[in-house]
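# Summary of the model geometry
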Amino acid sequence: MQTVEIARLRPPLEKYQDTNLFLQYLPYCDKLDAEADEWLKEIKENLGRAIMISEMRPGVVIWITRLTSYINLHGYKFSKQEHIEFIRAIWSLLTNPGMETRLLDVFARSLSVLLSRKDLLSPADLQLEWKPLYLLLEDLSSHNVLMNLKVYPPDFEKNLKTLIKLSRSYFPASATSEILAEFRPYFCPHDNIMTRGISYCSLFLPTLHLEVQNGEIKRIEPAPFLPWLNEFQEFWFACSNAPPWEGSMINLLSRLAMDNIGLIDWGKITPDLFNKIMLSFGLPVYYKRLGVPMKPISISKTTAARWIVFSISKDSEILKYLSVLMNAVNSYYHPTSAGSYSDNLVEFLNKLIFFFMTRIRSERFELVHPVDWIPEINPENKITDLQIEEFCEIVLPATLNLACSRKYVEVERNNLNILASIRPDLVIPPLLRKLDLSLETLTEPFKFTAAVKCLVSVARNLVKKDPLLPQGQDQVLRVLFSVLPGIDCNDIKKTLTVFQLISIIARLVPFTNMSSKKIKNQPVYSFKTFIIEFLDRCFSLIENSSLELIRQEQSNGDTQMSNEESSINTGIVTCFDSILHQADEDLKVLAMQKLKDFLHGRILEPKVAGKIASGMCRTCAKISPVEILAAFVPTTCTILRDTLRETDLSTDFYLGDEIMFNLLLLSDLVIVPGYFIIPYIPQISEVLKLGLQSKNREGHTAALTVFRHTLHSLSHPCLAERGRIVSTPSQNPREDWGRQGNLENLDVKWYLPGEKEFHQISELGTAFLGTQVDRLTEFIEDKNQMGREEVHQSLKTISSFIIGDFSFQLRGVENTRIQLVELMEKLVAKILKDRADDTKVLITIATILKLLVFEHTCTDEGLEKHMKNFQQSKSRLELMILGRNKDIRAILLDRVLIQHEKRLVENILNSLTGTHVRIMNLLLDLSMSHYSKVRTHGQNILAKVCKWFSYSYKIIVPRVLSKLLPDPDISHEEFKGALYLVLQNQLLVKHNWELQVELWPLLVRAQHNEKPSITALIKSITGCAGRLVSVPPSLSEVQDTEDESARKSVSNLEQYQLLTENLCGLVESSDLHWRHYNTALSMLCSLLRHDVDFPLRAVKIFTNNIIHDDIVVRKASIHVLDCILQKTKRKHPKVSVSLSKTETVPPSLNCDHGSCLKEDTKNMFNGTNGCEIIKELGIETKGCENGVENSVKTMNQNKSNHKSGILIPDLREKLTGTDSNCSLLVRPGERQDNIFLQYGDENKPNSQEEYDAPRFIHKTYLGFYVWPKENLVYAPSSQQPNLDRTLEEMPDSEKIVFSLFSDKEKVKKLFTFLTLEHKKGRDSFDVERFGMFKAIFRNFGDMFLENFRTEIETLVGDHRESFQRAAAELLASIIRGSKHWPYQKIENMWSWILPAIRTALNHVSPETQRDWGTCFATSSENRDPNRLHWLMEVAMENPIRSQGSFIDASRLYMLQGVVAQQRWRVGKLLHRLLEFLIPFLDHPFHNVRSRLGAVLTNVFALDLEFGEFGNASVSSPIEKDFVFQILPRLQVLQDTEEKDENALRLLQTVSKWICCSLVQNIGPMKIHTLEFLPILLQYEWYDRDPQLARDCQVSLSFLSRSLLPVPLLNPLCSILQQTINSDSWRTKLSTLDFLQAVIFNNFIQIWNKGPETKNLVLDVVGSGLIDDQLEVRVKSSQVLSGLIHCKFIPELEYKTLINRYKQSVAGAGTVSSRHGAVLGLCAFISAFPHDVPSFLPDLLIYIGNLLSERQPISATIKKTVQNFKRTHQDNWSEHKENFSEDQLSELTNLLISPSYYA
């Protein structure tokens, strides 16, 4: 044996970026530098060469993978220049246009690894452009990707976004302005494109802006983010009703806060954001428990928590708002309040605590990898001690509540760990108290278990010396003794938790023979006493864990340990191991002696009790190998030798507990460094010779375990010492308790095997391995007959030897592995010939083959298991606040071991040899076995081998392909095995076109049977073909490559074409089964690519198949035809638009002459003078009138100079400005420069010339805010591709399509199929069919229109569902496809489409209403409304005609679809629509009224206010005007006794509108909406019309759950003050219900508003308390209780309120007033269901004295007291301490009814 000691780290080498420090503690560390340098040199040379010659595969892929492995093992052990060169080289590959998609994923992942350490590279060292990353991300949503013409790997988007986040720090300074210029044009709140724009900004925008000044990196002043920050906030305030892009924007702001701590004033958005965070939890505070579906708040919990934590600064009020928020929701964290919302609350709390810890760690602790180039935070903005204390006090109640939850206790352990690290004095005492209280009762074991689990989380903080918790160490022994009663054989979970706590404390505290300090009324504890009592309880547990009453006929599986028994085994052994490692010599001797005494003379059953006892012996042997081995091994070997000789080993009878237990004991005793077992090898060998002769399976397995453990101990290095807590112990042992290990001085000692050990291995190999090889050789040669079990046992012996000693070598054999491979070859042939059904042997052979390939040192499975255990231990013992590598020494030593294993796994031979080929062929034989178990095992191993050795799949391909041939001699099992090999090894998607040319047609021709398993397998393989991303090279790639690469590219293209031709030939053959036919078509579909022309033969097949009888074939063909036409789509040129000469232009002025300007501007801007707006936009004016006239003159001049008549302002100077006072660059919405986009008679094209005018923009978001740089307008029709082409002018693929659609018979047949139903009741608008027909009309114009016209006219007149649906798809495709038709064709088309639409609208059925809605919405989407004026007008043709309620509702639905898609461009049309609809708002039919409410939502959706710019909508209807127009019609409902039916119906329409508006629109609630509130509250109880009452109730629920703007709060309270004084008590009740919900859902806003609003709320509640109606008083009490519970009323005001109510009770008022005062007092009691504040005991006694009062006072008091008892029952042992003895006595009298029996 050789001992290697490494005391401390070497000085770091400055030439490297970073190194892996754990490598320096390996016993061979002196050789690692040269190894790493050689490896890096090899990577650099080969990667550079592969890039230069463009060898992507295998060169670039393999060496990038090796680079990642190098970093994983050695860290960033290269120079900064090499680091930068690696990044730039791979970056050039990633950003290379046309790069293969799967390679892009490889490059993105490797770049993420290289960029993950920000501390190694600063922006001064490296700059990366953002645009290439954006183009890659944008391509993921391109037409080619959506149509599967281009396929990316599944995780590429995730990996790319990760790379973008890591690259942001290295974007150039100009990136911010470039990114904003790119995405600002997307800022149209009415379009979904804004979600994409904001999400891109959130992803790309840098939030840390630095510059180098005099060699020092500083923040740029003024900060470049200030302008866009105000800009984004302005949009957010204007669109405050949960817009879909809100989450992305807040995510960006949270990142901004994190990078600029204390530099931003967040006061403007703080109340709104906190209120939205509160709403995002989804708490069930509804109006009358009516949970209406509100729009979800898209702010993630991570984003919210990050913003809160990093917004805390010197002058911020963030912690005050956080306190208000947590006070409001704390009760929902209580275990009794769990619900669907609990996950949201828990996630928020977890993230909040985590980010707070992260910030403290960065500000107060030394980081392992500090980023030096980021300027430090201003000391004034760092978190102070007072803020830390305040934060902990805020989150601690919720955390402690969750710690008692069965579901979330495991999650909260991490939070307790963090909080205890920050402020142990606040966290640990309550947990110790919980433990003490849990010990007082035995009826609730969960409380004890939860308390122990919590203590496990804070154990390290408890034991380590901390000035904040000086008494912590004194509690350790008391805690250990307190939990010992939890070791209970009847409660396994509780026992395991106790073991976990003891084990963790033992790893943190050295067990020396010392006692605890003397504390009054407490016993003196000592570690010695604890160990004695602990072992006694363990021995008792072992005795009670024995497996008894095993019947003879039971199999081995029947007696296996259960999960609980296995856990107990692990728990006891781990706990005993931890204690023994930390115990001093005296305590070790004591523990070992007790174990010896316990085992002396005992024979334990080996399944449970024996395993536990032997595990404890194993621990003792590791600690004191010399003494323990001497005490146990000779005795054990003697017993085994004697008993085995006396036992008949030739039978398979059970060997008995004595033999099995001693074998188990011996197998555990030999797990020590090999040096110590060398003296006992002869005795062990003698036992093995006898034990391995046993025919009993369990006995043989136990002997093999001894054999394997012995070999492993002799051959593997191990750590010599792991017991010390620190390398250099302190004089005072308590100083070392819980101390972190010093990574620079670990003092590591290794035991390495020497010559003696290897000599013993050789002897054992000769004795056992050689014997078994000889026996098997004789068996193969028929010289020796062996039974099946004998062969199996021989093979198990061989596999055990391989596992035990990875470097085995038999004497006289040059290469033992090769000899074993040869032996396995012969044995497989023998078994398959004579015993093909011996599956156990065949499976064992496969296992041996796997070991021969992978078992060299350490396996990847073993490393993965070790890593998992390491992470579990680390998570329980680490203090996250300290950062990485600040763990205790035992954890750091384990990490050193893992580094050793990682290096061994990385260095496993990965070059393919002839021996590997032979092994793969053997595994291939087994993978096609007749027996499924053998096949499965062989296939799994073979798949792993193929994955390990790159391109080794080529070895198995010939034989796999041969088994797919249509040969009757190939069995079903062989065929199935070959299919599984194709699937598992992904042969169908390998980047090998030669393989695919053979494989794909074989799969199509394969004549398999109809078994379901085969059918499912073929289907899986066919689906796999769709993932083929190895694109055939385009001709452009061939030109610039080397000769070999060019030849390969041409060959690939030829192979691709050959494959498609072969598949086409198979499809065209008539002898294919239908399933084979579908398989071939699926394969052809997957070969359709964006960069290679699809062969004409395949085009013809799919074109003809759109009229195939099989619906599956038709669907596939329709998709392919759409793709083909997409590829032949011709580009449509656009024209550029010049910029205006002025900086910007005045807002929307809808006239062309200056004379009308002064008169119109005031009305246009709701009373704002036009000249004021011009001045606001920065245009110089000399006198208002002259300035305006000059501006208009400039506009008209520019307009006349540009033929399009489009004025686009030049904002380049403003875009690069940094004026933080200017929130928006231009006025959002309607302006003069976008007036041409508005729909109106003056903009409708009525001639070819007007139609061709370049002023039509189809994207609805363009022009709303900032114009983009791109060309916006399409060129005239004369410059567009010609649609009237001859056949010769068409591409060959289009000729095929043309021939089919020119055939009227085929078109008629196609229409027959279009009108067939697929699944009754489940069919819907078919997007694939629509896409194909749209492509046809786009590419061919109106060539086929006549063939379609007659059929469409027939379809629209038919009432049948499928006919109507087909008509909707066709009409939508014609309208969409005619986008670039010339005017004459468009006019002709509309001349017959309009009558068809009118007919269709009269034949709509309930089943097709949604389909027609989709048709009209699709037709209108992203189309200039002026070019669709025919559609707009036909939709406006009297939508309500009184032809029946369904027809009217359907026409409104179609109209809604058309209008909604045009967003903000149809203001005048909306005016017309509103004028038409107002008379019908009281329509007699309910479904029409419901639809009218939805249409009104669209009419007023544009009503958005943008701060100083006012309303964005100039020409659209204003909601306020509409409200005051219809309000008088509703007023009669309040003024008269007789109810006007028309007014009631109008109220129902208004209710529907309010609901739809709050759900769909993004603007905030307007103040005029509150005008409806009194009427809604009054009619919520309307009994005569339950539907109206229900609609009013739903509206009130929506209103109560909506976030109210601050200006609406006081008006709302004023309205509620009126309704609480209503004559109807039901209205009062509704008012209180509404108030309760609206307060909670706007809690932060109302709290922030100040005392005025709070007093208004309390006035409403107070009025209810003194009401004459009992129900109103009770409801007011409930509302008051909720306000107190949520801390809406400050604690300082409690005493005043209580005294006021007491005075009212004592006064001489009415019963109602006195009852109201009692209810007020009861509200205080009900407000605290989970705790007992100081004033509560006296208050309870006070109201108890009022029990004699008359009803309803006494009943109210009794109910309140009973509820108090119910809510406090679970923790009464804790709560009762707040009461005095007299109070408890009186309370008992209140709660217990008197007994009248003696």
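Basis of the calculations
Residues numbered from 1 in each chain as written. Predicted model: local features only at pLDDT ≥ 70, side-chain atom pairs only at ≥ 80, totals over all residues. Heavy atoms only, no water. Axes fitted to C-alpha atoms, helices over the stretch in contact; angles between N-to-C directions. Helix = DSSP H or I, 4+ residues; strand = E, 2+ residues; numbered from the N terminus. Parallel < 35°, antiparallel > 145°, perpendicular 65-115°, else oblique. Left-handed = near helix turned anticlockwise from the far one by under 90°. Contact = heavy atoms within 4.5 Å. Nonpolar A, V, L, I, M, F, W, Y, C, P; charged D, E, K, R; others polar. Pairing = 2+ DSSP bridges. Disulfide = S-S within 2.5 Å. Buried < 20%, exposed > 50% of the residue type's maximum accessible area, 1.4 Å probe, protein only. Salt bridge = Lys/Arg side-chain N within 4 Å of Asp/Glu carboxyl O. Phe/Tyr/Trp six-rings, centres within 6.5 Å; stacked < 30°, edge-to-face > 60°. Lys NZ or Arg CZ within 6 Å of the ring centre and 35° of its normal. Arc of directions from axis to C-beta. Expected span 1.5 Å × (residues − 1).

### Structural notes on the packing of helix 58 (residues 1361-1377) against helix 59 (residues 1383-1402)
Helix-helix packing: each pair is described by the crossing angle between the helix axes and the interaxial distance. Between helix 58 and helix 59, the least distance of the axes is 12 Å, while the angle of their chain directions is 150 degrees. With respect to helix 59, the element helix 58 is oriented roughly antiparallel. When the axes of helix 58 and helix 59 are compared, the crossing they make is left-handed. Of the residues in helix 59, those in contact with Q1364, L1371, I1374 and I1375 of helix 58 are M1389, W1390, W1392, I1393, I1397 and A1400. Residues of the contact of helix 58 with helix 59, tallied by class, amount to nine nonpolar, one polar and no charged.

### Looking at the sheet that holds strand 4 (residues 718-719)
Read from one edge of the open sheet, three strands run 1-5-4, paired in antiparallel fashion. Two strands bound the open sheet, and with one partner strand each, they are strand 1 (2-6) and strand 4. By the bridge criterion, five bridges tie strand 1 to strand 5 (residues 748-752) in an arrangement that is antiparallel. In the strand pairing of strand 5, V4 is matched with W750.

### Overview of the state of the cysteines
Throughout the structure, instances matching the rule amount to zero disulfides. As a non-bridged cysteine, C1123 has C1085 as the owner of its nearest cysteine sulfur, 8.3 Å distant. Classification of C1123 as buried rests on a relative accessible area of 0%.

### A closer look at the pattern of salt bridges
Per the counting criterion, the structure on display carries 83 salt bridges. Note that R57 is salt-bridged to E100, the shortest N-O span being 2.8 Å. Remark: E100 occurs in the loop between helix 3 (80-94) and helix 4 (101-115) and R57 occurs in helix 2 (residues 56-74); sequence separation between them is 43 residues. Classification of R57 by relative accessible area gives partly exposed; the value is 25%. The residue R788 makes a salt bridge to D837 at a minimum N-O spacing of 2.8 Å.

### Section: the pairing of strand 2 (residues 210-213)
In terms of strand pairing, strand 2 meets strand 3 (residues 216-219) through four bridges, oriented antiparallel. In the sheet register, Q213 faces strand 3, and the bridge partner there is E216. Between the antiparallel neighbours strand 2 and strand 3 lie two residues, among them N214 with a positive phi of about 55 degrees.

### Brief notes about the packing of aromatic side chains
A complete count under the given rule lists 78 aromatic pairs for this structure. Ring geometry for F354 against F355: centres 5.6 Å apart, planes inclined by 65 degrees, an arrangement best described as edge-to-face. Plain terms: the ring middles of F1333 and F1348 are 5.7 Å apart, the flat faces sit at 80 degrees to each other, and that makes the pair edge-to-face. A residue pair is termed long-range when its members are at least 10 positions apart, and F1333 in helix 56 (residues 1327-1340) and F1348 in helix 57 (residues 1345-1356) qualify at 15 residues. Both residues of the pair, F1333 and F1348, belong to the buried class. Each residue in the set F1298, F1301, F1311, F1333, F1337, F1340, F1344 and F1348 is aromatic and connected to the rest through ring pairs, giving one cluster. Lying across the ring of F446, R406 places its NZ or CZ 4.3 Å from the centre.

### Overview of the packing of helix 70 (residues 1625-1641) against helix 72 (residues 1651-1665)
Axis separation between helix 70 and helix 72 bottoms out at 11 Å; the angle between their running directions is 150 degrees. Judged by the angle between their axes, helix 70 and helix 72 are roughly antiparallel. The two elements helix 70 and helix 72 cross, and the hand of that crossing is left-handed. Here T1631, L1632, L1635 and I1639 of helix 70 come into contact with helix 72, specifically with V1657, V1660 and V1661. Grouping the constituent residues of the contact of helix 70 with helix 72 by class yields six nonpolar, one polar and no charged.

### Concerning the environment of G1377
With respect to the helices and strands, G1377 occurs in helix 58. Under the relative-accessibility criterion, G1377 is labelled buried at 3%. G1377 sits 667 residues away from T710 along the chain, and the two C-alpha atoms are 78 Å apart.

### Brief notes about helix 40 (residues 953-962)
Helical geometry: 3.6 residues make up each α-helical turn, so side chains three or four residues apart lie on a common side. Regarding helix 40, the residues found buried are Y953, I956, V957, V960 and L961. Across the axial projection of helix 40, the buried residues extend over an arc of 135 degrees, all falling on one side. Against the buried residues of helix 40 lie helix 38 (914-926), helix 39 (932-948), helix 41 (972-984) and helix 42 (993-1005).

### Here's the deal with helix 11 (residues 246-259)
For helix 11, spanning 14 residues, the distance from its first C-alpha to its last is 20 Å, which sits close to the expected 20 Å at 1.5 Å a residue. Most of helix 11 is tucked away: twelve of the 14 residues are buried. Residues of helix 11 that are buried include every one of E246, G247, S248, M249, I250, L252, L253, S254, R255, L256, A257 and D259, and no others. In this structure, the buried side of helix 11 is in contact with helix 9 (193-204), strand 3, helix 10 (225-238), helix 12 (270-280) and helix 13 (301-310).

### With respect to unusual backbone geometry
The omega torsion across R57 and P58 is -5 degrees, close enough to zero to call that bond cis. If you trace the backbone, P58 turns up in helix 2. Across the junction of E221 and P222, the peptide omega takes the value -10 degrees, indicating a cis bond. Among the structural elements, P222 can be located in the loop between strand 3 and helix 10. The residue K288 is not glycine, and still its phi comes out positive at about 50 degrees.

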